[in-house]
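Examining the three-dimensional arrangement
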Amino acid sequence: MTSLFLAYAIIWLLHVGYLLSLAMRQNSLHREITTLKAMVEQKGHIPVGR
Amino acid sequence: MNSLRLEKSLALAAAAALVATMYGAFLYAPTESTMGDIQRIFYVHVPSAWTAFAAFFVVFVCSVAYLRTKNLKWDRVAVACAEIGTIFCTAVLITGPIWAKPVWGIWWTWDARLTSTLILWLMYLSYLLLRDFLEEPQRRATLAAVFGIFAFVDVPIVYFSIRLWRTQHPQPVLMGGEDSGLDPMMFQVLMLSWVAFSILFVLLAVLRVRLEKSRDEVQQLRRQLMLQ
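Keep in mind that what you see is a predicted model, and the values were worked out from it rather than measured.

Turning to the overall build of chain B, a few remarks are in order. Regarding its fold elements, chain B presents seven helices and zero strands. Projected onto the principal axes, the alpha-carbon positions of chain B cover approximately 70 × 40 × 30 Å. The buried share of chain B, reckoned over its 228 residues, is 37%. Contacts spanning at least 24 positions in sequence make up 76% of the contacts within chain B whose residues lie at least 6 apart.

Moving on, we come to the interface of chain A and chain B. Across the boundary between the two partners, chain A contributes 27 residues, which contact 28 residues of chain B. Residues of the side of chain A that touches chain B, tallied by class, amount to 17 nonpolar, five polar and five charged.

Moving on, we come to helix α1 (residues 3-28) of chain B. Residue and element names in this part refer to chain B. If you check α1, its first and last C-alpha atoms are 35 Å apart, about what 26 residues at 1.5 Å a residue would give, namely 38 Å. Inspection of α1 places Ala14, Leu18, Thr21, Gly24 and Ala25 among the buried residues, and these make up the whole buried set. Buried residues in α1 make contact with α2 (42-69) and α7 (184-227).

All names here are of chain B. Position of tryptophan 74 relative to the elements: it lies in helix α3 (residues 72-104). Taking the C-alpha atoms as reference points, tryptophan 74 and leucine 4, 70 residues apart in sequence, are found 21 Å from one another. Excluding residues within four positions of it along the chain, tryptophan 74 makes contact with Cys62, Ala65, Tyr66 and Thr69.

A few words now on the packing of helix α1 (residues 2-43) of chain A against α3 of chain B. Look at α1 of chain A against α3 of chain B: their axes get within 10 Å of each other, and the N-to-C directions meet at 170 degrees. Here α1 of chain A is positioned roughly antiparallel relative to α3 of chain B, judged by the angle of their axes. On the side of α1 of chain A, the interface is formed by Ser3, Leu6, Ala7, Ile10, Ile11, Leu14 and Tyr18 of chain A, while α3 of chain B contributes Ile87, Thr90, Ala91, Ile94, Thr95, Ile98, Trp99, Lys101 and Pro102 of chain B. Grouping the amino acids of the contact of α1 of chain A with α3 of chain B by side-chain chemistry returns twelve nonpolar, three polar and one charged.

Right, let's talk about the nonpolar core for a bit. Ranked by internal contacts, the top residues of the largest apolar core, which has 65 residues, are Ala55, Phe56, Val59, Ala78, Cys81, Tyr124 and Leu200 of chain B. Breaking this core down by element, the ones donating at least two residues are α1 of chain A together with α1, α2, α3, α4 (112-132), α5 (137-152), α6 (154-164) and α7 of chain B. With 16 residues, α3 of chain B is the single largest residue contributor to this core.

Rules used in this analysis
- Residue indices begin from 1 for each chain and proceed along its sequence in written order.
- By the order in which they are written, chains take letters starting at A while ligands take numbers starting at 1.
- Local features in this predicted model are restricted to residues of pLDDT 70 or higher, and side-chain atom pairs are both shown and tallied only at a pLDDT of 80 or more, whereas totals for entire chains, interfaces and linings draw on every residue.
- Working definition: helices are DSSP H or I runs of at least four residues, strands are E runs of at least two. Numbering for both runs from the N terminus.
- With C-beta atoms placed from the backbone, a residue is labelled by how many other C-beta atoms lie within 10 Å of its own: buried for 20 or more, exposed for 12 or fewer, partly exposed between the two.
- Whether two residues are in contact depends on their C-beta atoms, placed from the backbone: they are in contact if these lie within 7 Å.
- Polar here means any residue other than Ala, Val, Leu, Ile, Met, Phe, Trp, Tyr, Cys and Pro, which are nonpolar, and Asp, Glu, Lys and Arg, which are charged; Gly is therefore polar.
- Given a helix with a known number of residues, its expected span is that number minus one, times 1.5 Å.
- Between N-to-C directions, angles span 0 to 180 degrees; the directions come from axes that are lines fitted to C-alpha atoms, helices contributing only their stretch in contact.
- Here is the rule for angles: anything less than 35 degrees is roughly parallel, anything more than 145 is roughly antiparallel, 65 through 115 is roughly perpendicular, and the remaining ranges are oblique.
- The term nonpolar core means buried Ala, Val, Leu, Ile, Met, Phe, Trp, Tyr and Cys residues held together as one set by C-beta atoms within 7 Å.

Geometry only, nothing functional implied.
Structure, rendered in structure tokens:
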């Protein structure tokens, strides 16, 4: 039974870990986009659409 | 339906299906007579493999579509599915040995099924690493598409390996000939698990494609800043 629970635990940790990594990478990119948009607007000019 | 609502609906559906799968795998499905409870790994091992195959098939289709159209949207879906397929393939390679040790007495053997699966995992890992070395988007997408088509050749080899060669890995329980077959309750849980993993795959793909779009936006903004 230990091996069975170990297998299921690893599977769920793998998927939860991947979901968390997606969320962290998305947040980091979102912050970078906000900063870059501010810099573009500060430098001047072309409004940036998503 | 906007993308946020789609993501929430998929997340709820995936969570419900996965909880139902856990109930089915641990409480509903009967205990296998020869292997005992350890056989319940089957309900995550096999659907993980099927989902990895499906993800790699999407990579193949998107790679062909990219080479035909040169539209980067296909490349975004391809890289998303390659990464997710690699995660599911990792799950197969971890659960397999955990199942094998108590049943075969060994963690690993270099038979055709196990070796071809390891090669599959290494190829898609290489696909992801290759992309990191290339900066220019069109060149990266073209090389990745060629590699994505080439790597898919291993999927049918993995699938048919247990039919073509004598392996330590068991023969197929579904569509495997006269001696194959599965208890109806086990079959129901297997199908439920496959549906749950498929919904999880679609959810992860939607999230991963959104990430790739954000990356493209960052590149676009950086180029704009450099031009100003």
